[in-house]
Amino acid sequence: MFHLMYKFMDSMQRLAQDAADKLNLTPAEMAELLAKSNLPVIFVLGGPGSGKGTQCEKLVAKYGFTHLSSGDLLRAEVESGSDLGKQIKDTMEAGDLVPLETVLRLLREAMITSLETSKGFLIDGYPREVEQAVKFEEQVCPCTLVIYFELSDEVMTQRLMKRGETSGRVDDNEETIKKRLQTFHEHSQPVVCHYEQRCKTINAERSVDEIFEDVCKEVDNLKCGEQPAAE
């Protein structure tokens, strides 16, 4: 019993040290490691209330993917109290956008530190515009697949208003929802067009299980060892 526990702790320590060592690599070296891993990298897109988070949770449970959200990474860095976190906090409090290079750094480091244990990566809600997509593939690694959850503005609004009854979120009100949807369409639709050859559109106006069945079909069709075709 103690022997097994020791082996487990020793294994975890080695993984932690390996992850720490990888953070000392240059961005170019990290990108090279990620590209060589041949792990699937999936952009998960969809408007507010499209169910991205729910589907990502189910994909993590089934496939062992690592679920990464740029928003969650930014908040975690702020909470860590690091120098970078303080810079991010100051930027956000000033009402400015966090620089793209900072977001890419957080995504790249999160991916590289979980490289040894992950079966693939789900990048949730990113990229929000074409420039972000281009920079990610230049500085992090190629995207294997884009999953776009499509549903009408009416359905998204209904879902968000329903969520607002209990969520307490200040942005779950009709006026703000309308602006969020407008912003989403203006910036995200070009991303879907940019990834036309790699993008799979999923009807998200059905039950969670029906949607997940279609998502799994697309994931199962991935040929992880092949480089994606250039757009």
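Residues numbered from 1 in each chain as written. Predicted model: local features only at pLDDT ≥ 70, side-chain atom pairs only at ≥ 80, totals over all residues. Heavy atoms only, no water.

### A word on the confidence of the model for the protein chain
As a note on interpretation, predicted positions should not be read in detail where pLDDT is low.
Moving on, step 1. Averaged over all residues, the pLDDT of the protein chain is 86; the fraction at 70 or higher stands at 85%.
Moving on, step 2. Considering only residues more than four positions removed or in separate chains, one finds that residues 8-12, a stretch of pLDDT under 50, has zero contacts.
Moving on, step 3. The model gives residues 224-228 a pLDDT under 50, and that stretch makes nine contacts with residues more than four places away or in other chains. (pLDDT = per-residue confidence, 0-100. Contact = heavy atoms within 4.5 Å.)

### With respect to the sheet that holds strand E4 (residues 145-150)
Hydrogen bonding along the main chain pairs the strands of a sheet, whether they run parallel or antiparallel.
Moving on, step 1. In space, the five strands of this open sheet follow the order E2-E3-E1-E4-E5, with parallel pairing throughout. Both outer strands of the open sheet, strand E2 (66-69) and strand E5 (199-203), are each paired with one neighbouring strand and no more. If you compare each strand with its neighbour and ignore which way they point, the axes differ by 25° on average.
Moving on, step 2. Sheet topology places strand E1 (residues 41-46) next to strand E3 (residues 121-124); four bridges connect them, and they run parallel. Considered in E3, the bridge of Val44 is made with Asp124.
Moving on, step 3. Contacting E2 and E3, helix H4 (residues 70-80) crosses the sheet at an angle of about 75° to E2. (Pairing = 2+ DSSP bridges. Helix = DSSP H or I, 4+ residues; strand = E, 2+ residues; numbered from the N terminus. Axes fitted to C-alpha atoms, helices over the stretch in contact; angles between N-to-C directions.)

### Structural notes on the packing of aromatic side chains
Moving on, step 1. Under the counting rule described, the total for this entry stands at six aromatic pairs.
Moving on, step 2. When the ring of Phe43 is compared with that of Phe136, the centres are 5.1 Å apart and the planes differ by 75°; the resulting orientation is edge-to-face. With Phe43 in strand E1 and Phe136 in helix H7 (residues 130-139), the pair connects residues that are 93 residues apart, well separated along the chain. No difference in accessibility class separates Phe43 from Phe136, as the two residues are buried.
Moving on, step 3. With centroids separated by 6.4 Å and ring planes inclined at 25°, the aromatic side chains of Tyr148 and Phe184 adopt a geometry described as stacked. One end of the pair, Tyr148, is in strand E4; the other, Phe184, is in helix H9 (residues 174-194), with 36 residues separating them in the sequence. (Phe/Tyr/Trp six-rings, centres within 6.5 Å; stacked < 30°, edge-to-face > 60°. Buried < 20%, exposed > 50% of the residue type's maximum accessible area, 1.4 Å probe, protein only.)

### Concerning the side chain of Asp124
Moving on, step 1. Following the sequence through the fold, Asp124 ends up in strand E3.
Moving on, step 2. Within the structure, Asp124 has its side chain in polar contact with the side chain of His67 (distance 3.0 Å).
Moving on, step 3. Setting aside anything within four residues of it in sequence, one finds Asp124 in contact with Val44, Lys52, Gly53, Cys56, His67, Leu68, Ser69 and Ser70. (Polar contact = N/O pair within 3.5 Å; in protein donor to acceptor, adjacent residues only side chain to side chain.)

### Things to note about helix H8 (residues 153-167)
Moving on, step 1. Given a rise of 1.5 Å per residue, 15 residues ought to cover 21 Å, and the 20 Å separating the end C-alpha atoms of H8 matches this to within 8%.
Moving on, step 2. Those residues of H8 that fall on the buried side of the exposure criterion are Val155, Met156, Thr157 and Leu160.
Moving on, step 3. Here the buried face of H8 lies against H9. (Expected span 1.5 Å × (residues − 1).)

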